[in-house]
Amino acid sequence: MTKSMKQIEDIKITNLEIQSLLVCNDSLHIYTCKNMYGGYCDNMDDSVKNKLNKILQYDEALAKHCMETALYTKRFMKFLNYDEDKINISYNAALLHDIGKTVISKSILNKTGELTPDEKKIIDAHTINATNLLNDEDDFIQYVALHHHDDYKDIDDITQVIAVCDTYSALITERSYKPAYASIEAISIMKNDSRNSNLNPILVAAFEIMLRQFGYIM
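Please read these numbers as outputs of a predicted model, since none were measured by experiment. Starting from 1, residues in each chain are numbered consecutively following that chain's sequence as written. Residue-level local features of this predicted model are given only where pLDDT is at least 70; pairs of side-chain atoms are given and counted only at 80 or more, and the full residue set underlies all totals for whole chains, interfaces and linings. Only heavy atoms go into the side-chain values, all of them from the structure, while hydrogens and water stay out.

**Q** So, the pattern of salt bridges: which residues are in play, and what are the values?
**A** The term salt bridge refers to a side-chain nitrogen of Lys or Arg lying within 4 Å of a carboxyl oxygen of Asp or Glu. Taken as a whole, this structure holds eleven salt bridges when the rule is applied. For Lys-64, the salt bridge goes to Glu-60, with nearest N and O atoms at 2.9 Å. Remark: Glu-60 and Lys-64 occur in helix α3 (residues 60–79); sequence separation between them is four residues, near one turn of the helix. Only protein chains enter the accessibility calculation, which uses a 1.4 Å probe. A residue is then buried if its area is under 20% of the maximum for its type, exposed if over 50%, and partly exposed in between. Residue classification places Glu-60 among the partly exposed positions, given a relative accessible area of 33%. For Lys-153, the salt bridge identified is with Asp-151, shortest N-O distance 3.8 Å. On the basis of relative accessibility, which here comes to 27%, the residue Asp-151 falls in the partly exposed class. Several salt bridges share partner residues, and in doing so they unite Lys-51, Asp-136 and Glu-137 into one network. Here a helix means four or more residues in a row that DSSP labels H or I, a strand means two or more in a row labelled E, and each is numbered from the N terminus.

See below:
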């Protein structure tokens, strides 16, 4: 077991410092095109900002999901006591983790009905699509985009963290093909639905603890 995974298992919510980590304006869903970067993106590289703008121009909902995943990643990693350097690169990686979806037709990306097997393959290929779109970025940013849906046993601990945040954001957000789940429902799905078996259950439990600490789950 790595040192960081041992830390995750030993989480104790007694540190008052933790209380500041999820401070925001009542809700994470506060985005508009004007305030997309407002207040939260002090560590965003210019090249990452430019790419996030391209995601926003292609599909606003996708850009909001990427931003929300990054916000959760930043807060969750602070909760888990990662150092600032790792948090900063992980934040940027989370912002671009789904950039590969920008080359997928919107008729498939936002389809309201069930995907055909061929359409599902196209969606699943978004991780591969990201390779060419991120070839000028840090290797870790490329790695996260390529591997954030892989089985947690096969990826590094930080990508596991981003995968949990990515899944939670997707579940609590309404899309054309699904309703928005409440936080407690989303966590239950992440813990019990076999389709989420790629997620590290220790991290899912830690994420639930964080949400409960800050009142997102009562």
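**Q** Summarise unusual backbone geometry; cite the residues concerned and give the values.
**A** When glycine is set aside, most residues are seen to have a negative phi, and most peptide bonds are trans. Within the chain, Asn-81 stands out as a residue other than glycine whose phi angle is a positive 65 degrees. The topology assignment puts Asn-81 in the loop between α3 and α4 (84–95).

**Q** How would you summarise helix α10 (residues 183–192) if you had to cite specific residues and measurements?
**A** Among the residues of α10, Ser-183, Ala-186, Ile-187, Ile-189 and Met-190 are the ones counted as buried. Down the axis, α10 shows its buried residues gathered within 160 degrees of arc, on one side only. For α10, the secondary structure elements touched by its buried residues are α9 (157–172) and α11 (201–213). Of all possible arcs, the one meant is that of the directions from the helix axis to the C-beta atoms. It only takes one pair of heavy atoms within 4.5 Å for two residues to be counted as in contact.

**Q** Describe the nonpolar core, listing the residues and the values that go with them.
**A** Residues belong to one nonpolar core when they are buried, are Ala, Val, Leu, Ile, Met, Phe, Trp, Tyr or Cys, and are joined through side-chain atoms within 4.5 Å. Formed by 51 residues in total, the largest nonpolar core has its most connected members in Phe-76, Tyr-168 and Phe-207. With ten residues, α3 is the single largest residue contributor to this core.

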